[in-house]
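Summary of structural features
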Amino acid sequence: MSGFFDRHTPFLVQDIWGDFAHFHTRRCQEYGTNIVGGIAPRARRAHFCGIPLFSSVKEAKSEVKCAATMIFTPPRQAKQALLDAIAAQIPLIVCCTEGIARRDMLFVKEALKKSTSCLIGPSAAGLISPGEALAGLLPIDLYKAGSLGVISSSGSLACELLVQLQERQIGVSTHISFGSDELLGSSFADLAPKFEQDSATQAILFLGEEVDAMDVMWERYLAMRRSKPLGVYIAKKDFVSYAQFSKEDPFCSHSRVDSLLEKSGIAKIESLSCLGDLAAQLLKENTC
Amino acid sequence: MYVQECVARQLLLAYGFPFLPFGVVSTLEEVKLFLHAFQVERAIFFPKKGGTIPLLGQGKAELLALVRDYLEKEEAPKVLVQEEGDFPQVGEIRYLLDYSASCYRAEGSWKGEFFSFSLPPEGGGLPPITEKFPESLTSLLEKARCAVFDWEGLFLGLHCVRKKSELCISRVEFYVDERACSTHKRIAELYAPSFQTVQERIAEQFDLDYTSLEGDIGCVVSGAGLGAALLHELKLGGGDASALLNVGRGISQDLLHTAFRILLSDPKTRGIFVCLLPGVFRGRFLVEELQGLLGESRLPVVVRFSESEELKGALREIFVRKSLDKCVQKIVGAVRR
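The residue numbers shown here count from 1 along each chain, following its written sequence. Whichever chain is written first becomes A and whichever ligand is written first becomes 1, with later ones labelled in order. Note on the predicted model: pLDDT of at least 70 is required for a residue's local features to be given, and 80 or more for side-chain atom pairs to be given and counted; whole-chain, interface and lining totals, by contrast, use all residues. To get the side-chain values, take all heavy atoms of the structure and skip hydrogens and water.

The criterion for an aromatic pair is that two Phe, Tyr or Trp rings (for Trp, the six-membered ring) have centres within 6.5 Å, with stacked assigned to planes under 30 degrees apart, edge-to-face to planes over 60 apart and tilted to the rest. Under the definition given, this model contains 14 aromatic pairs over all chains. Here Phe20 of chain A and Phe72 of chain A contribute two aromatic rings whose centre-to-centre distance is 5.9 Å and whose plane-to-plane angle is 80 degrees, an arrangement assigned as edge-to-face. Here Phe20 of chain A is found in helix α1 (residues 19-31), whereas its partner Phe72 of chain A is found in the loop between β5 (68-71) and α3 (75-87), with 52 residues between them in sequence. Measuring from ring centre to ring centre gives 5.5 Å for Phe206 of chain A and Trp218 of chain A, while their planes differ by 75 degrees; the resulting arrangement is edge-to-face. On the criterion of sequence distance, the pair formed by Phe206 of chain A in strand β12 (residues 203-209) and Trp218 of chain A in helix α7 (residues 214-222) is long-range, its members being 12 residues apart. Residues Phe206 of chain A and Trp218 of chain A agree in their burial class; the two are buried. Ring-pair connections join several aromatic residues into one group, and the members of that group are Phe188, Phe206, Trp218 and Tyr221 of chain A. The aromatic ring of Phe107 of chain A is capped on one face by Lys79 of chain A, whose charged end is 4.5 Å from the ring centroid. Any Lys NZ or Arg CZ found within 6 Å of a ring centre and within 35 degrees of that ring's normal is scored as a charge over the ring. One cation-aromatic arrangement involves Arg103 of chain A over Phe149 of chain B; the distance from NZ or CZ to the ring centre is 4.2 Å. In this text, helices come from DSSP runs of H or I with a minimum length of four residues, and strands from runs of E with a minimum of two, each type numbered from the N-terminal end. Summary of the burial criterion: residues with accessible area below 20% of their type's maximum are buried, those above 50% are exposed, and those between are partly exposed, where the area comes from a 1.4 Å probe applied to protein chains only.

The next point concerns helix α6 (residues 188-197) of chain A. Turning to α6 of chain A, its buried residues are Phe188, Ala189, Leu191, Ala192, Phe195 and Glu196 of chain A. Down the axis, α6 of chain A shows its buried residues gathered within 155 degrees of arc, on one side only. Here the arc refers to the directions that run from the helix axis out to each C-beta atom.

Attention now moves to the interface of chain B and chain A. When the parts come together, some accessible area is lost, and that loss is often what is quoted as the size of the interface. Each partner contributes to the interface: chain B provides 46 residues, whereas chain A provides 43 residues. Interface area for chain B against chain A, summed over the two sides, is near 4,000 Å², with a carbon-plus-sulfur share of 62%. Just to be clear on terms, a salt bridge is a Lys or Arg side-chain nitrogen sitting within 4 Å of an Asp or Glu carboxyl oxygen. Of the charged contacts, one joins Asp181 of chain A and Arg179 of chain B as a salt bridge, the two residues approaching to 3.1 Å between their closest N and O atoms. We define a polar contact as two N or O atoms separated by no more than 3.5 Å, with the added condition that, inside protein, one atom must be a possible hydrogen donor and the other a possible acceptor, whereas residues neighbouring each other in sequence contribute only through side-chain atom pairs. Here chain B is connected to chain A by 10 residue pairs in polar contact (both at pLDDT 80 or more). When contributions to the side of chain B that touches chain A are tallied by element, the ones reaching two or more residues are β4 (89-98), β5 (103-110), α4 (135-150), β7 (153-163), α7 (224-236) and α11 (324-336) of chain B. Counting residues per element, the side of chain B that touches chain A draws most heavily on α7 of chain B, which supplies 10 residues. Throughout this entry, Asp, Glu, Lys and Arg are counted as charged residues, while Ala, Val, Leu, Ile, Met, Phe, Trp, Tyr, Cys and Pro are counted as nonpolar. The remaining residues, Gly among them, count as polar. The class makeup of the residues in the side of chain B that touches chain A is 24 nonpolar, 11 polar and 11 charged. Residue contacts are defined here by distance: any two heavy atoms, one from each residue, within 4.5 Å place the two residues in contact. Note on terms: buried area is the combined drop in 1.4 Å-probe accessible area of two parts once they are placed together, counting the loss on both.

Once that is clear, we can look at the sheet that holds strand β13 (residues 230-235) of chain A. Residue and element names in this part refer to chain A. Read across the sheet, seven strands follow the order β9-β8-β11-β10-β12-β13-β14 without closing on themselves; strand pairing throughout is mixed. Pairing within the sheet leaves two strands with one partner each, and these edge strands are β9 (133-136) and β14 (267-269). On average, each strand axis in the sheet is inclined to that of its neighbour by 15 degrees, with strand direction left out of account. Pairing between strand β10 (residues 145-152) and β12: five bridges, direction parallel. In this description, strands pair whenever DSSP reports at least two bridges between them. Lines fitted to C-alpha atoms define the axes, with helix axes restricted to the stretch in contact, and inter-axis angles between N-to-C directions lie between 0 and 180 degrees.

Now for the nonpolar core. Throughout, nonpolar core names a set of buried Ala, Val, Leu, Ile, Met, Phe, Trp, Tyr and Cys residues whose side chains join them through atoms within 4.5 Å. Phe188, Phe206 and Trp218 of chain A together with Phe273 of chain B are the most contacted members of the largest nonpolar core, which totals 98 residues. The greatest single-element share of this core, amounting to seven residues, is contributed by helix α5 (residues 155-167) of chain A. Residues Phe54 of chain A together with Leu11, Trp110 and Leu141 of chain B belong to the second largest nonpolar core, which totals 65 residues.

Let us now look at the layout of surface pockets. Residues and elements named next belong to chain A. A cavity here means a set of points on a 1 Å grid, drawn over the protein atoms and nothing else, where a 1.4 Å probe fits but cannot get out; a pocket is an open set with protein on both sides within 12 Å along at least five of seven lines, and a residue lines either one if it has an atom within 4 Å of a point. Grid points are joined across faces, edges and corners, and a volume is the space filled by probe spheres set on the points. If you add up the space inside the second largest pocket, you get close to 360 Å³. Every residue lining the second largest pocket is counted, 17 residues in all, and those nearest its centre are Asp15, Pro41, Arg42, Thr73 and Gln77. When residues of the lining of the second largest pocket are assigned to their parent elements, the largest contribution, four residues, is made by α3. A class-by-class count of the residues in the lining of the second largest pocket yields eight nonpolar, six polar and three charged.

With 12 residues, helix α4 (residues 102-113) of chain A extends 17 Å from end C-alpha to end C-alpha; this agrees with the ideal 16 Å at 1.5 Å per step. Among the residues of α4 of chain A, Arg102, Arg103, Asp104, Met105, Leu106, Val108, Lys109 and Leu112 of chain A are the ones counted as buried. Those residues of α4 of chain A that are buried are in contact with α3 and β7 (118-120) of chain A together with β4, β5, α4 and β7 of chain B. Every helix has an expected span of 1.5 Å times one less than the residues it contains.

What follows covers the confidence of the model for chain A. When pLDDT is averaged along chain A, the result is 86, and 91% of the positions lie at 70 or above. Within a predicted model, pLDDT stands for the predictor's per-residue confidence, ranging from 0 to 100. Counted against residues more than four places away or in other chains, residues 239-252 of chain A, with its pLDDT under 50, gives 27 contacts.

Along the chain, Gly121 of chain A connects to Pro122 of chain A via a cis peptide bond; the corresponding omega equals 5 degrees. For Pro122 of chain A, the location among the structural elements is in the loop between β7 and β8 (126-129). Notably, Ser102 of chain B is not glycine yet its phi reads approximately 50 degrees, a positive angle. Structurally, Ser102 of chain B is set in the loop between β4 and β5.

Moving on: the packing of α5 of chain A against α7 of chain B. Interaxial distance between α5 of chain A and α7 of chain B falls to 5 Å at its minimum, and their mutual angle equals 65 degrees. As summarised for this structure, α5 of chain A and α7 of chain B are arranged roughly perpendicular, according to the angle between their axes. Every residue of α7 of chain B that contacts α5 of chain A at Ser156, Leu157 and Glu160 of chain A is listed here: Ala224, Gly225, Leu226 and Ala229 of chain B. Across the contact of α5 of chain A with α7 of chain B, the residue classes break down as four nonpolar, two polar and one charged. For classification purposes, angles smaller than 35 degrees are called roughly parallel, those larger than 145 roughly antiparallel, those between 65 and 115 roughly perpendicular, and all remaining angles oblique.

The next point concerns the pairing of strand β6 (residues 113-119) of chain B. Residue and element names in this part refer to chain B. The pairing of β5 with β6 spans seven bridges and is antiparallel. Its bridge partner being in β6, Gly108 is matched across the sheet by Phe115. In textbook terms, the turn of a hairpin is the stretch between consecutive antiparallel strands, and for β5 and β6 this stretch comprises two residues, one of which, Lys111, has a positive phi near 50 degrees.

What follows deals with the state of the cysteines. Put simply, a disulfide is two cysteine sulfurs that come within 2.5 Å. Inspection of every chain in the model, using the stated rule, returns zero disulfides over all chains. There is no disulfide at Cys159 of chain A, and the cysteine sulfur nearest it, in Cys275 of chain B, is 11 Å away.

Below, the discussion takes up the pattern of salt bridges. Going through the model one piece at a time under the given rule, you end up with 19 salt bridges over all chains. The residue Glu167 of chain A makes a salt bridge to Arg168 of chain A at a minimum N-O spacing of 4.0 Å. Judged by its relative accessible area of 46%, Glu167 of chain A is partly exposed. Classification of Arg168 of chain A by relative accessible area gives partly exposed; the value is 31%. A salt bridge links Arg94 of chain B to Glu92 of chain B, with the shortest nitrogen-to-oxygen separation between them at 3.3 Å. According to the relative accessible area criterion, Arg94 of chain B is partly exposed, its value standing at 23%. One network of salt bridges, in which partners are shared, links Arg102 and Glu182 of chain A together with Asp177 of chain B.

In structure tokens, the structure reads:
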């Protein structure tokens, strides 16, 4: 892989100065990610752990070649960090920040509409191509290189899958955890085509939670040309959060999603315990 | 975050919304005081179906019945109790953040005509005033926009009626973005936490992610996504969670200790299910804490942890398995017994 990144993809890290960012930057670097620069506007030194520091994304882009950025900026400053990365036309933006105010994300999404950048997140656990590179917070010990492409909204849900894959000796080509906020840069329908094009991926597994207008996303995906087997697990939310205020039946789209998937012959499982079996079945289907 | 109606009215008064006078009562005595003090001539009550009055546990419908009985008595003030539908309905306005379209949206009905359009985040974008889209509606939408903008609102719902010839708002529903609370401390101060349980309020003080639910199994998970999936899994297995405690990617031993105490303090909890995964959670304190838990509580405890072999030896009395469905079966069975 990958349509997204590999060990040669040059990465920036925004707000590298923080403890959290520092810890995860080191992990990514040790795993093989090519980190070429860090953004730390108030730093009084030129390097941090061997990584050159810059005062802005724009400056970094003019000094070093970079194709992606990881954002660990605190939520209140994250809007500006995201807008800077979009303005600098960084092709891949991975935002691990949690708790960005929703209105801030509206402005970010407006900016994204006019740009070619792909934003993964916010609140993303990141992406990994096992044996190649890591961008984010994913648990590296659980991955083995293989041919299953995984797209998940939540990192913890994917860990459940990985434990089951380990037992069955199944490897992953690329895993993207794109976050479970209401306003996201990319959804499953945006990311799936990259997996379709990827020669290392033989089957795709999607793990997600129920969200508003999920049926619209699936309609968009099903209208695309598909060549690889897809398996789906969607966790139903049993309690209503503030986010569903405007709907009388918050999950009215769920039964519609079910029927859409059924009509398209997409394998969908109800129980989390069957994830490993589903992955094995999908890979077998492709081999047949 | 839902803002209680009485608080929302206080916040929104500054924007000039024409609210009907409003008061919150939770006992018959309060109703009497309210009616005398404000010399109310007519009143509308909004008991939600099947709801209970927070902290008192009294049914709202029961209270309404008590009030009606009281008002029929000789000594009661002459008050005309009306239903909301007794007032001529003008319309309903919803100004909300539409997640699926990533924009603000104004929608609702006005004098029988439905409307729905998206609006830019920076303001403006309202259609020109016409007969179908009169000034009264535009003015309310503009006020709604200002309020939503100032308070980082996610949803503002207004129910409009006509009293004599005046346009009035009989009900208001307001949700704000809790993620913006750090910049809007006034909301946090005004927000009466009666919608939170005691456990949630305590957990909030320790910055723990705790959600009280209606079932009887206390769940400890490492991640919100896994938490949602686990609730679904428990439902499939015939169980129900009493609380969901998300310890996230990392937690100190002291905090884990507090988290277990909070979970145990909930009288609904009849069993504890711990579901933690490697990589996300480092379980080095878990053994110690679970041993402490066993010493204090006689509740069944099931642990789903992938380093189960290591834990099995340390925790002989606790059911520890890697398999999720076996763990769900075990905890549901233990609690139901």
